[in-house]
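# Notes for the structure review
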Amino acid sequence: MKPFLTQLRPQRDTVTTVLLGAWFISLGVLKILFMKFSANEDGGYDYLPVTVSVCAEFLKLLVCGTIAIWVKYTEEGSFKDKFAITRHDMLGLLRWAVPGLLYFMDNLMQFYVITFFHPAMAVLLSNFVIITTSLLFRLVLKRVLTSIQWASLAVLFLAIVSLSSQSHHVGAESSTVQKPQAIDHVVVASLNHHDQICMVRQSLINNETSHIDHTSTSNLPFSLNMGHLLVIVQCFIASSANIYNEKIFKEGNGLQESIFIQNSKLYMFGVLFNGITPLIIPSYRRRLFECGFFYGHNSYSIALLFDVALFGLTVSIILKFRDNMFHVLGTQVTTVIVITSSIYLFHFVPTLQFFLTAPIVLLAVFIYNAARVKSTKTKHGASLVRTHDQEERGRPEGMELLPRQRHNSASKTSDEETEEEL
């Protein structure tokens, strides 16, 4: 029975990994689609994007906090020992402020990146996160990359630069989402006084973010605007947050500590950073006080709220029990699905250059991952050879002949017994 369970465990782990990857990819695709569907006709948002992040962080904190309290309550020991907080615990709690701040910035930037580019182009450009993650792996975690991996990163970078040059020519919609938003006075006149104020407030907020976004550099052979800068900054922030979060998830006693307790610490700072943002930005503060927290939301933004919460919980599970590269490579399948969906849902019309460049991005990512797996197997095989050689060298002289001598003596004994029987 035990050998059967031993053979069954790898199959169960494979099924779990596939299901986790499918769930992560599904949430990632829905996240991009809900962001696009919840936008208005001008490509902006009638609601404040930060309100989605606040509600999502609060939901995650509510779920993980409730389970964390139950986990603490069921532990052995007195009530005081279970819930006592020392000075060391408070200092350790501050470590979670760093990923909390980084995830806050990452989530907020995603709303504005999707307003600059078509969803298909946005997910392709987001593959730059593999480059930033690899660089941080090398600089921070001192992980060595093979020459094949460096070559694949160079190809990936060149392909992304090529995509940047055509990001403004991939369909009619990409040119419409970047227009400054004007107020339709006919529509405003038909609304009541409260809605008129709220519509004007939101138009002013949208214009604040749109008047600086479309200045492209003309002295370069490819076009760059504020959207490209946001993509690069977002990729650095996202990879830094995931690497740092994985580190504190697993270092020390992190693997033994409940993931719900760790997530509760993280989401406390998530609620804090997202909650104070509308209060410290004057235009956001006036908009919330005059129009309300949920003004401008629609069914897609509400669905996006729950999707962001589930997506964040899934990422924490991946970083805790898998690794950051599982998260990064899972986005590649998301890229293919979003591009396919954009053709049917958003009338995305890819050019020939797009058809030639997009597969290069995916192939570069595939080569990077294949080289990583191959180098891991090679190192593992080399370590086994070294261990075997060390055992042979450490064995006393003549000991390697003992098993053979025992086998010969045993065979001789069996032969003699056979002759006596005859």
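Residues numbered from 1 in each chain as written. Predicted model: local features only at pLDDT ≥ 70, side-chain atom pairs only at ≥ 80, totals over all residues. Heavy atoms only, no water.

Along the protein chain, the regular secondary structure elements total 18 helices and 0 strands. For the protein chain, buried positions account for 41% of its 422 residues. In the protein chain, 86% of the contacts between residues at least 6 apart in sequence involve partners at least 24 apart. As displayed, the protein chain offers around 23500 Å² of accessible surface, 67% of which is attributable to carbon and sulfur atoms. (Helix = DSSP H or I, 4+ residues; strand = E, 2+ residues; numbered from the N terminus. Buried < 20%, exposed > 50% of the residue type's maximum accessible area, 1.4 Å probe, protein only. Contact = heavy atoms within 4.5 Å. Areas by Shrake-Rupley, 256 points an atom, 1.4 Å probe, with all protein chains shown as cover.)

With that settled, the discussion passes to helix H15 (residues 299–321). When the terminal C-alpha atoms of H15 are compared, their 33 Å separation across 23 residues agrees well with the 33 Å that a helix rising 1.5 Å per residue should span. The N-capping residue of H15, defined by a side-chain oxygen 3.1 Å from the backbone nitrogen of Tyr300, is Asn298. (Expected span 1.5 Å × (residues − 1). Polar contact = N/O pair within 3.5 Å; in protein donor to acceptor, adjacent residues only side chain to side chain.)

The final tally for this structure, using the stated rule, is 5 salt bridges. Here the salt bridges do not stand alone but share partners, grouping Arg95, Lys247 and Glu251 into one network. (Salt bridge = Lys/Arg side-chain N within 4 Å of Asp/Glu carboxyl O.)

This part covers the packing of helix H5 (residues 97–116) against helix H13 (residues 259–280). The N-to-C vectors of H5 and H13 enclose an angle of 45 degrees; their axes lie 8 Å apart at closest approach. Here H5 is positioned oblique relative to H13, judged by the angle of their axes. Handedness of the crossing formed by H5 with H13: right-handed. The segment H5 lies against H13, with Ala97, Pro99, Gly100, Leu101, Tyr103 and Phe104 engaging Leu266, Phe269, Phe273, Asn274 and Thr277. For the contact of H5 with H13, a count of residues per class yields 8 nonpolar, 3 polar and no charged. (Axes fitted to C-alpha atoms, helices over the stretch in contact; angles between N-to-C directions. Parallel < 35°, antiparallel > 145°, perpendicular 65-115°, else oblique. Left-handed = near helix turned anticlockwise from the far one by under 90°. Nonpolar A, V, L, I, M, F, W, Y, C, P; charged D, E, K, R; others polar.)

What follows concerns empty space enclosed by the protein. By the definition in use, this model includes 1 cavity of 30 Å³ or more. Its volume calculated, the largest cavity comes out at about 770 Å³. Considering the residues around the largest cavity, the lining is formed by 40 residues, among which Lys31, Asp106, Gln110, Gln234 and Phe311 are closest to the centre. Secondary-structure elements contributing two or more residues to the lining of the largest cavity are helix H1 (2–37), helix H2 (49–74), H5, helix H6 (119–125), helix H12 (226–250), H13, H15 and helix H16 (324–345). Element by element, the count of residues in the lining of the largest cavity is highest for H5, at 8 residues. Split into classes, the residues belonging to the lining of the largest cavity amount to 18 nonpolar, 18 polar and 4 charged. (1 Å grid on protein atoms, 1.4 Å probe; cavity = no way out; pocket = protein on both sides within 12 Å on 5 of 7 lines; lining within 4 Å. Points joined across faces, edges and corners; volume = space filled by probe spheres on them.)

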